Every structure is written in structure tokens, then in C-alpha cells.
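# A closer look at the structure
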Amino acid sequence: MTQFDKRNISMMMDFYEMTMANGYFESGGEHSRVAFDVFYRRNPDGGGFSIFAGLEQIIDYVENMHFSAADVEYFRAQNLFSEEFLNYLANFKFHGDIYAFPEGTIMYPNEPIMTVIADLIDAQLIETAILTQINHQSLIATKARRIVRAAEGRFVSDFGARRAHNMDAATLGARAAFIGGVNGTATVAAGQVFGIPINGTMAHSWVMYFKDEFEAFKRYAEVYPKNTMLLVDTYDVIHSGVPNAIRVAKEILEPAGNRLKGVRIDSGDLAYLSKKVRKMLDDAGLQDCKIVVSNSLDEFTITSLLNQGAEINSFGVGERLITARSEPVFGAVYKIVAVGNDDKFEPRIKVSENVEKITNPGLKDVYRIFNSEGQAVADMISLKDEEIDLSTPFRYIDPVKSWKQRTFSNCTARKLLKLYVKDGRRVETLPTLQEIRDYVKQQLDNEIWQEEQRFENPHHHYLDMTPNYYEMKMNLLYKTRSQLNG
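Read on for an overview of the structure. (Residues numbered from 1 in each chain as written. Predicted model: local features only at pLDDT ≥ 70, side-chain atom pairs only at ≥ 80, totals over all residues. Heavy atoms only, no water.)

Right, let's talk about the nonpolar core for a bit. Core analysis: the biggest nonpolar cluster contains 128 residues, and Phe67, Met114 and Phe315 have the highest contact counts within it. If you tally residues by element for this core, the top one is helix H6 (residues 127-151), at twelve residues. Met114 has contacts with Phe36, Asp37, Val38, Phe52, Leu55, Ile58, Ile98, Tyr99, Ala100, Ile130, Ile134 and Leu417, leaving out every residue within four places of it along the chain. One finds Ile381, Ile397, Met465 and Leu476 within the second-largest nonpolar core, a separate group that totals twelve residues. (Core = buried A, V, L, I, M, F, W, Y, C linked by side-chain atoms within 4.5 Å. Buried < 20%, exposed > 50% of the residue type's maximum accessible area, 1.4 Å probe, protein only. Helix = DSSP H or I, 4+ residues; strand = E, 2+ residues; numbered from the N terminus. Contact = heavy atoms within 4.5 Å.)

Following this line, the structure appears as C-alpha cells:
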């Protein structure tokens, strides 16, 4: 048994969470109720939206959170914690409530995508685990969607495991990429655990092992006659790889009633080569043979290839997807927004000289506002359980241009935050991975403006506030600033 076989992921936390928890315990505040919001400040790659992912893993985490005897002994060895606190840890279970957007929801900066309401220690100890899952999976799902959009309906597969930051990143990254819209993965663990279609055929080592390229292709076709996909760039795509692939199609596959399924190109000028290969295949009567390309692809290279008229049926996307190489940090944060008890919470606000770092305080709801055609025109923050009646024109506040009088007319609203965990246990049936993926597509096809989905200068999605919420925030901000100024 290795350290990975016996690891307890409850220990996946920043140490300051434990030192603060001990401090709260020693101060008698372990049962104080608090609320924390998870939100992020900007979309990666200058995009117009992001995709919320990782909720299922968070719920699994909090339901199974515990500290083993070995964990408690490890903390004891730090010589920082009282025996009373260590005994508390030995019997710890998470008993909080978690509200969140449904997984796969299209989301925008500065709105609470998750709210944790729990005893102070409970809420503090889960911070790192929550952020790890949301930051990673939301980043990869969002990047995947950009790549899928660039591919314009062509098949996209995740080829990234060997370049992922570790084994968990590869497996959960494949999950997130599937949510974002890729069609399959080469990562076997992700296929086994999450039911994602897996694909993959050969590497250059297969071709190089045999005495010549034709022999390598022939042997592969004999083993997999119904699924022959040949890698044609080991030596020379045009003068060797494709001619040998055509020869295998004619001499091995077709006499047995089979067809060459495809060829893959992993190097060189992919636009030029794909056009040459397509003509060679068509001239040989292999119009149904697919051309698959790989090699450091992302949404920008894919867009460029298609703009050049590349003849490509499928993309295998690796390192630039699984690491979100162009912008590998998502940046979701976890901030306290209220303190009190279940009957009454007092809002808390973080004040900063940087306007974008002033938080939205208090317990709140988030609504997506739709026009009469079913398109999302804005999101709106309200006080928790505030009545929202859109049957008549509804006045709202644009916090950036608060002086303007604006109303939603002929609109409908959908509340986005749902209760998923109550007293530490899930109370909502979670969707399947395919249902999450379909939900993403449904929103982007039917609800989200195409202008928000542009890669360059996307339309800005508005985040508005009800007058009641805006007034509460301003009053708290003025009160806090006045206290600071004496």
C-alpha cells in the first residue's frame, strides 16, 4: 500500500484553515454560524462567460469528510493544538448547508456561484477543497467549450493525460472537458469512472517497432479490422504514410469487407498536409476515410486551420486543453459574507481601494433574467428570499451606472442557487455527466447571446441588483468606511 492508496482527501487543505479552526475553537466560536460565497472576478482568455463545474466532487467531499487517528496524530505532532481541539477533530463531521448553481450553469464574474452556510469551523475547513475543484474543473470545462466552438461541429477528443499536472488532474480534467463539450477522451480512468467514451489507436512507437511502415499498418489492420486508424507521420506523410495506409486499405481491409476508418497526422503543416491527404484518399476511393489531427492544438490554432480550408474531420487536443495553457488560473475565491444564526445574519463586506475587490455582502439569491424570446439579458442579485415579481416592469440597479433608471419589462426570471446539501447530506439528486453536458449545450444554443460567445471582444453580460440589495450594500459600505475613518 502506498501513501496514495491510504490518503484521506479531507486533509487537502491549507494549514491556515486548521490554525484558524483551532483559534475559533479556543475562543468558543466553533458553533457561530457564518456564510461564505464562492465567486470569481473575470473570465479566462478574455471570454464572455465560464462554465460551473466540480459540484459533484465537492458534495462527495463534504459528505465523507473526517479525520482519522493518523490525521489527528499528525496534527498533534505540530505542537500547536490543544487536546480538546484534537478530540473535536476526531469526531468531526460536516454539518453545513451548501447552495450552488446547477453544475454546468453558464456563469459570470462577481456573482455567488456557491454559498456555504455552516458553523464557523465547518465552513472554514472546506475552503481549499471547494476552490480546488471549482477552479480546476471550471477552467477546463470553459477551455473545452472554446475549443469545441472553434471546431465547428467536428469531433474533438481529449488527448491530454500525459501533459496533465498529475493523475487526478488528468481524470477530473477529462470529466470537465466532457462537460465543456468534447466528444471523448484517451484517458482510460476517466472512461471507467465517469462513462466518457474512450478512443485511441497507436503511437509512433508501434510504427517504429516493426521492420517497416507497411508491416506496422498491416499488423494493426489485422488486429483491429473494424477500427483501423493509422498514424501516418512517423516517416513521411505524403510519400510514405498515406501511400502505405492506402495499400493496407486495398490489400488487407477491403478484401475482407472492411474500410479504412481514418488516418492521423501529428506533425507538420496540418493545413497543407490535410488538403494533400484528402485528395490522395479521395483519388483512391477512400472518401469515407476520416482525417484526424493532433499536435499542440487549441481554439486559436483550430480556427486558423479551418480558415485556411484544412480538410480535417476530427481534432485530438492535448496539453493546451488539459492545462488550459493560455490562461491556467481560474481565480475563484471564498469570502465570508455574513455572520449570525439561522434566524438572523448580519452582512459582512470586504472593502478595498480596488473597486473590483469590494465584495457583495450578505445572504442573497441570484436570478437569470430572460426576455420574451427566452434569451438571458442579465443576471440579478437580490436579498435572500426577496420577492421578485416580473409580471409588471421591475426596477433594477446597474451598480456600474447606478444613476440610471432602468426596468425589466416582459421578462421572466430563474433562480440559480439551489440547496444541494443540508446538515452535511445531499438533498438534491445530481444529474448524470451526460445531462450536465447537455445542459451546457442547451444554454449556449438557446439562452446565451451568440455575441457573448465570441473569442474577441465578447458582449459583456450584465450583473444587476435589486434596489433593496443595492441599498443594503451601499449602507453597509458607507457604515464600514465611516467606522474606519473614525
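Additional details are given in the paragraphs that follow.
Bringing the pattern of salt bridges into the picture now. With the rule as written, the count across this model stands at 39 salt bridges. Note that Glu251 and Arg247 form a salt bridge whose closest N and O atoms lie 3.2 Å from each other. With Glu251 and Arg247 both in helix H11 (residues 237-253), this residue pair falls four residues apart, about one helical turn. Among the residues examined, Arg247 registers a relative accessible area of 37% and is labelled partly exposed. Two residues, Lys418 and Glu428, come together in a salt bridge whose shortest N-O distance is 3.1 Å. Here the residue Lys418 occupies a position in strand S19 (residues 418-422), and Glu428 occupies one in the loop between strand S20 (425-426) and helix H15 (433-446), the gap between them amounting to ten residues. Since its relative accessible area comes to 30%, Lys418 is described here as partly exposed. Relative accessible area serves as the criterion here: at 27%, Glu428 is assigned to the partly exposed category. (Salt bridge = Lys/Arg side-chain N within 4 Å of Asp/Glu carboxyl O.)

Quick look at unusual backbone geometry now. A positive phi angle, near 60 degrees, is found at Asp45, a position not held by glycine. Within the secondary structure, Asp45 is located in the loop between strand S1 (33-39) and strand S2 (50-51). Of the residues examined, Asp45 reaches a relative accessible area of 17% and is grouped as buried. Positioned with a positive phi, Asp423 is a non-glycine residue whose angle comes to about 55 degrees. Here Asp423 lies in the loop between S19 and S20. Since its relative accessible area comes to 47%, Asp423 is described here as partly exposed.

Rolled over the atoms, a probe sized like a water molecule indicates the empty space that remains. Tallied over the entire structure, the rule returns two cavities of 30 Å³ or more. By volume, the largest cavity is sized at about 80 Å³. Contributing to the lining of the largest cavity are Pro44, Gly47, Gly48, Phe49, Thr142, Arg145, Arg146, Arg149, Glu452, Gln453, Arg454 and Phe455. Tallied by class, residues from the lining of the largest cavity come to three nonpolar, four polar and five charged. (1 Å grid on protein atoms, 1.4 Å probe; cavity = no way out; pocket = protein on both sides within 12 Å on 5 of 7 lines; lining within 4 Å. Points joined across faces, edges and corners; volume = space filled by probe spheres on them. Nonpolar A, V, L, I, M, F, W, Y, C, P; charged D, E, K, R; others polar.)

Turning our eyes to something else, we now look at the packing of aromatic side chains. What the rule picks out here adds up to 18 aromatic pairs. With 5.8 Å between their ring centres and 65 degrees between their planes, Tyr74 and Phe75 make a pair best called edge-to-face. Across the ring face of Tyr99, the terminal group of Lys384 is positioned such that the distance to the ring centre comes to 4.0 Å. (Phe/Tyr/Trp six-rings, centres within 6.5 Å; stacked < 30°, edge-to-face > 60°. Lys NZ or Arg CZ within 6 Å of the ring centre and 35° of its normal.)

As a further point, take the sheet that holds strand S7 (residues 184-185). In sheet architecture, strand pairing relies on hydrogen bonds along the backbone and comes in two forms, parallel and antiparallel. Across the sheet, six strands lie side by side as S7-S6-S11-S10-S9-S8; this open sheet has parallel pairing. The open sheet has two free edges, formed respectively by S7 and strand S8 (229-231), since each of these has just one partner strand. Sheet analysis places strand S6 (residues 155-158) next to S7, joined by two bridges and oriented parallel. What sits directly across from Ser157, in S7, is Gly184. Packed on one face of the sheet, helix H12 (residues 270-283) meets strand S9 (262-265) and strand S10 (290-293) and runs near 160 degrees to S9. (Pairing = 2+ DSSP bridges. Axes fitted to C-alpha atoms, helices over the stretch in contact; angles between N-to-C directions.)

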